[in-house]
Amino acid sequence: MALVFNNPSYEAILRLSENPTAEEELYTMTFWELEVLNERINDIANKNSDDKKLFAKLMRLKLQSTLMGESARKRDGEYR
């Protein structure tokens, strides 16, 4: 499932958070796509903070995305 990163949808992020091997898909994303994904994850997590199960899945996805982002930054040459 490919995400559209100009505005990743709520449903697409929820599906990705259900995937125990999301790293495979995250690896194909650029550093900037992962940054957008992390922002959207934060938005969704904040709006659903009372749903502990969903919140935990989103935080796991964010951790995976953040770690993959560090690798992608080097790969893509996006040094700050």
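Scroll up to find the structure this text is about.
Going along each chain's sequence as written, the residues are numbered from 1 onward. With pLDDT at 70 or above as the cut-off, local features in this predicted model cover only qualifying residues; side-chain atom pairs require 80 or more to be listed or tallied, and sums for whole chains, interfaces and linings still use all residues. Note that the side-chain values use all heavy atoms of the structure and ignore hydrogens as well as water.

Helix numbers and strand numbers start at the N terminus; a helix is a DSSP run of H or I with at least 4 residues, a strand a run of E with at least 2. The number of helices and strands found in the protein chain is four helices and zero strands. Classification of residues uses two cut-offs on accessible area relative to the type maximum, computed with a 1.4 Å probe and protein chains only: under 20% is buried, over 50% is exposed, and between them is partly exposed. A total of 80 residues make up the protein chain; the buried ones form 36% of that total. By definition, residues are in contact when any of their heavy atoms lie within 4.5 Å. The contacts in the protein chain between residues at least 6 apart in sequence include a share of 69% that link residues at least 24 apart. For the protein chain, the exposed surface amounts to about 5,000 Å²; the carbon and sulfur share of it is 54%. Shrake-Rupley sampling with a 1.4 Å probe provides the accessible areas, and residues are treated as covered by the protein chains on show and by no other component.

All right, on to the environment of Pro8 then. Residue position: Pro8 is located in the segment before helix 1 (10–18). Along the sequence, Pro8 and Val36 sit 28 residues apart, while their C-alpha atoms lie 8.0 Å from each other. Filtering out sequence-adjacent residues up to four positions away, Pro8 remains in contact with Ile13, Val36 and Arg40.

So, about the environment of Lys74. Within the fold, Lys74 resides in helix 4 (residues 52–76). For the pair Lys74 and Phe31, spaced 43 residues apart in sequence, the C-alpha separation works out to 8.7 Å.

In this section: the environment of Gly77. Its place among the elements puts Gly77 in the segment after helix 4. Among the residues examined, Gly77 registers a relative accessible area of 46% and is labelled partly exposed. Along the chain, Gly77 and Phe31 lie 46 residues apart, while their C-alpha atoms are 9.0 Å from each other.

This part covers the nonpolar core. Ranked by internal contacts, the top residues of the largest apolar core, which has 16 residues, are Ile13, Leu16, Leu26, Leu34, Leu37, Leu58 and Leu61. Those elements that provide at least two residues to this core are helix 1, helix 3 (31–47) and helix 4. Only buried residues count toward a nonpolar core, which is a set of Ala, Val, Leu, Ile, Met, Phe, Trp, Tyr and Cys residues joined through side-chain atoms within 4.5 Å.

What follows concerns helix 1. Turn by turn, an α-helix covers 3.6 residues, leaving residues three or four places apart pointing in a common direction. Looking only at helix 1, the buried set comprises Ala12, Ile13, Leu16 and Ser17. The arc enclosing the buried residues of helix 1, seen along the axis, measures out at 135°, which places them on a common side. If you follow the buried residues of helix 1, they end up packed against helix 2 (23–26), helix 3 and helix 4. Our arc is simply the arc of the directions from the helix axis toward the C-beta atoms.

Looking now at the pattern of salt bridges. The working definition used for a salt bridge is a side-chain nitrogen of Lys or Arg within 4 Å of a carboxyl oxygen of Asp or Glu. In this structure the tally under the stated criterion is two salt bridges. Between Lys57 and Glu18 there is a salt bridge, with its nearest N and O atoms 2.7 Å apart. Of this pair, Lys57 sits in helix 4 while Glu18 sits in helix 1, and the two are 39 residues apart along the sequence. Where Arg73 meets Glu70, a salt bridge forms, and the shortest distance between an N and an O atom there is 3.7 Å. Here Arg73 and its partner Glu70 are both found in helix 4, three residues apart, which amounts to about one turn of the helix.

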